[in-house]
Amino acid sequence: MDVNEHRIPFDLGVFRASRDTIIPRDYHPNGRSMAYEELPPGTQSVIVYALFTAKAADYYIRDEFTEIFLSRLQREYGQHFCYDNYRILRKEAAYHAGIGKIARNSILFSRHYGFNCKIDLMLSDLPCEDVAAPQEGDYRLEYCQNCIAPCVQTCPVNCRMNFDLFDWRHCSHHLGPAIQNPDLMCRACLTACPHSEALLKQVPQHLILNRFAVPRP
Ligand code: SF4
Ligand code: SF4
């Protein structure tokens, strides 16, 4: 298991940017999006990473890590890396990077951590020919095909989901009051999945307890 210097288990994948693999956010509440044509000039590669966390609202782990990771890469390798300000869809990028697949609850199921991770990405003008071609084919998680879907049945606000979260506004409304407290936020459709829980059990307990230890640079 890869563990970064902040003792957060992580996974990483890279794929070549193309018109087919860069998917803008067309439904983001702030209307932010970035199409392939809008990528910074010379962009060739998309670096996607999944950081382990078993909390719903550990976004600051992802955000702080991205800041640290990006400034370190720029310091060591120059201005070959940049951030998209969250304007490209993460789940689809993670799929193309080979990090995981999309599950019936519409969440990325990471190959190492199941639903217990947050994903982010950065762009680079360096080529990635040696690393990987984008993962293609069926983006849906195989486990879901013959599953009675406890993830769907357990949703407290009956969100409809089938590899897409059709009632995402209901979910967002339900999560809203607990957003400041990661311990209270709903993860019912994540923890109901036996495959995700099985992967969680493989993460050493001392790394789970250290998940908040991300110092500012
Ligand atoms: S509980 Fe079943 S349907 Fe839901 S994400 Fe897990 S494997 Fe897929
Ligand atoms: S996080 Fe909770 S409210 Fe949102 S879809 Fe999953 S189970 Fe439903």
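This text follows the structure it describes.
Rules of the game
Residues numbered from 1 in each chain as written. Chains lettered and ligands numbered in written order. Predicted model: local features only at pLDDT ≥ 70, side-chain atom pairs only at ≥ 80, totals over all residues. Heavy atoms only, no water. Helix = DSSP H or I, 4+ residues; strand = E, 2+ residues; numbered from the N terminus. Buried < 20%, exposed > 50% of the residue type's maximum accessible area, 1.4 Å probe, protein only. Contact = heavy atoms within 4.5 Å. Areas by Shrake-Rupley, 256 points an atom, 1.4 Å probe, with all protein chains shown as cover. Near = heavy atom within 4 Å. Nonpolar A, V, L, I, M, F, W, Y, C, P; charged D, E, K, R; others polar. Arc of directions from axis to C-beta. Pairing = 2+ DSSP bridges.

Caption draft 1: The arrangement of the overall build of the chain in detail. What the chain contains, in helices and strands, is seven helices and six strands. Element order for the chain, N to C, with α for helix and β for strand: β-β-α-β-α-β-β-β-α-α-α-α-α. Put simply, the chain has 217 residues, and 47% of those count as buried. Within the chain, contacts between residues separated by at least 24 positions form 76% of all contacts whose residues are at least 6 apart in sequence. Per element, the accessible surface of the chain, about 11,500 Å² overall, is 52% carbon and sulfur.

Caption draft 2: Local environment of the site of ligand 2. Close contacts around ligand 2 come from Cys155, Pro156, Val157, Cys159, Met161, Cys171, His174, Cys186, Ala188 and Cys189, and that covers them all. Contributions of two or more residues to the shell around ligand 2 are made by helix H4 (168-175) and helix H5 (188-191). In the shell around ligand 2, the residues fall into nine nonpolar, one polar and no charged.

Caption draft 3: Quick look at helix H6 (residues 194-201). Ser196, Leu199 and Leu200 are the residues of H6 that are buried. Looking straight down H6, one finds that the buried residues subtend no more than 105 degrees of arc, so they occupy a single side.

Caption draft 4: Inspection of the sheet that holds strand S1 (residues 10-16) at higher detail. With antiparallel pairing, the four strands of this open sheet are ordered in space as S1-S2-S6-S3. Only two strands of the sheet have a single partner each, and these edge strands are S1 and strand S3 (81-82).

Caption draft 5: Fine view of the side chain of Thr43. Here Thr43 is to be found in the loop between S1 and strand S2 (45-52). On the accessibility criterion, Thr43 (15% relative accessible area) is buried. The contacts of Thr43, once residues within four sequence positions are left out, are Ala17, Leu123, Ser124 and Asp125.

By themselves, these observations are geometric and do not establish any function.
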